[in-house]
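The lines below spell out each chain.
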Amino acid sequence: MVDDAFASETELLRGLRAGEAAAYRQLLELHSANVYNVAFKLLGDEQEAEDVLQETFMSAFEAIDGFEGRSKLSTWLYRIAYNASLMRLRKRSQMTSFSLDVPTSGVDQDGDGSRVSRHLVDWSSVPDDQLLTAEAREVMDRAIAELPETLRSTFILRDIQGLSGSETAEVLGISVPTVKTRLHRARLWLRDRLSDYFDEGARGVRAAAIPANRGS
Amino acid sequence: MYSEERHHDCRELLGELCDYVDGELEAALCAELEAHLAECPDCRIMVDTLRRTIVLYRTQSQPAMPDDVRTRLYRVLKLE
């Protein structure tokens, strides 16, 4: 760890513009892990995430003089990383002839979340340790990977990284209402996918609990 | 099963869920939605499992950036 020698974002920006190595290091300490996580979740590939991470900070260091400070440094870095990731996804989609924007089968295509799910089993009170098994994590990762890019990026930034609606809109270059629409569709889709899986798990837990209770 | 009337209410409710779970729904709509939730067990399950979905994704441990990735980043940027 390095000491946070630059106590405010304004001071950090001054240090970056002055070319101070301590400022560069602090920027990395503060934001590199988040940039890597976003790239990894968007791309699902460690090597590509690392490439995007390096590209992001190289671009940021080169462009720091042009950064006007109207957004937070983190938002600016996320935007660079998102654009770099998007270029890679587009290259992939050209190679495989898939469109990034065609919704995956089953994603609400009305855009208003009006499709009422048929999965109405209540798994919301099952304890974390029963839900978050290695298999369940794989299901969660697969579900998010199957989302169209436009929905996945919105969910990653807003719900996983915890950006605000306006920050997410700024990173993605879309309006706040569009963020809300995309987020809504992503959440419903992921809930459906988890419900498919946890419904089966919950039935298994209930079945297993019967002999255990009798034996105690 | 949903009755036609309830189904209509549920469809309307789904459109407001995002703001509701984020605590951003305006007060009047929020009260209306909560009144519906008090009467509709299906929609309560929908809200509860939607909230849990978000929490699970938010809290599931994010893979930390590997040390060798960090080392290479500092090397590439000449900040070792």
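**Q** Give me the lowdown on the interface of chain B and chain A, citing residues and values where you can.
**A** With 30 residues of chain B at the interface, the matching set in chain A holds 38 residues. Among the secondary structure elements, those contributing two or more residues to the side of chain B that touches chain A are helix H1 (4-21), helix H3 (41-59) and helix H4 (67-76) of chain B. Its residues assigned to classes, the side of chain B that touches chain A comprises 18 nonpolar, six polar and six charged.

**Q** Let's hear about the nonpolar core: which residues, and what values?
**A** Residue and element names in this part refer to chain A. If you look at the biggest cluster of nonpolar residues, it comprises 57 residues, and the most contacted ones within it are Val38, Ala39, Leu53 and Ala81. For this core, the leading source of residues is helix H2 (residues 21-43), giving eleven residues. Counting only domains with at least three residues in this core, you end up with domain 1 (9-96) and domain 2 (128-215). Leave out the neighbours within four places in its chain, and valine 38 touches Tyr78, Ala81, Ile156, Leu157 and Gln161.

**Q** Run through helix H6 (residues 134-146) of chain A, naming residues and quoting values.
**A** Residues and elements named next belong to chain A. With 13 residues, H6 extends 18 Å between its outermost C-alpha atoms, agreeing within 8% with the 18 Å of an ideal straight helix rising 1.5 Å per residue. Regarding H6, the residues found buried are Met140, Ala143 and Ile144. Looking down the long axis of H6, one finds its buried residues gathered within 95 degrees of arc, a one-sided arrangement. Set apart from the buried face of H6 by more than 90 degrees, the exposed residues are Ala134, Glu135, Glu138 and Arg142.

**Q** So what's going on with the domain arrangement of chain A? Residues and values would help.
**A** All names here are of chain A. Each assigned domain of chain A is listed here: domain 1 (9-96) and domain 2 (128-215). Summarising the inter-unit geometry, the C-alpha centres of domain 1 and domain 2 are found 26 Å apart. Listed per partner, the contact involves eleven residues of domain 1 and twelve residues of domain 2. The class makeup of the residues in the side of domain 1 that touches domain 2 is five nonpolar, four polar and two charged.

**Q** So what's going on with helix H3 (residues 46-63) of chain A? Which residues, and what values?
**A** With 18 residues, H3(A) extends 26 Å from end C-alpha to end C-alpha; this agrees with the ideal 26 Å at 1.5 Å per step. If you follow the buried residues of H3(A), they end up packed against H2 and helix H4 (73-96) of chain A together with H4 of chain B.

**Q** I'd like a description of the environment of B:Leu37, backed by residues and values.
**A** All names here are of chain B. For leucine 37, the position within the fold is in helix H2 (residues 27-39). Classification of leucine 37 as partly exposed rests on a count of 17 C-beta atoms within 10 Å. With 27 residues separating them along the chain, leucine 37 and cysteine 10 place their C-alpha atoms 9.3 Å apart. Sequence-distant contacts of leucine 37, that is, excluding residues within four places in its chain, are made with Cys43, Arg44 and Val47.

**Q** Account for the environment of A:Asp128, naming residues and giving values.
**A** All names here are of chain A. Mapped onto the elements of the fold, aspartate 128 is located in helix H5 (residues 128-131). Under the C-beta neighbour-count criterion, aspartate 128 is labelled exposed, with 11 such atoms within 10 Å. Sequence separation between aspartate 128 and alanine 143 is 15 residues, and the spatial gap between their C-alpha atoms is 18 Å.

**Q** Give a detailed account of the confidence of the model for chain A, specifying residues and quantitative values.
**A** Residues and elements named next belong to chain A. Residues with a pLDDT of 70 or more make up 80% of chain A, whose mean pLDDT is 85. Counted against residues more than four places away or in other chains, residues 109-116, with its pLDDT under 50, gives 20 contacts. pLDDT under 50 marks residues 210-216. Its contacts with residues more than four places away, or in other chains, come to zero contacts.

Cut-offs applied
Residues numbered from 1 in each chain as written. Chains lettered and ligands numbered in written order. Predicted model: local features only at pLDDT ≥ 70, side-chain atom pairs only at ≥ 80, totals over all residues. Contact = placed C-beta atoms within 7 Å. Helix = DSSP H or I, 4+ residues; strand = E, 2+ residues; numbered from the N terminus. Nonpolar A, V, L, I, M, F, W, Y, C, P; charged D, E, K, R; others polar. Core = buried A, V, L, I, M, F, W, Y, C linked by C-beta atoms within 7 Å. Buried ≥ 20, exposed ≤ 12 C-beta atoms within 10 Å, placed from the backbone. Domains from an automatic or database assignment. Expected span 1.5 Å × (residues − 1). Arc of directions from axis to C-beta. pLDDT = per-residue confidence, 0-100.

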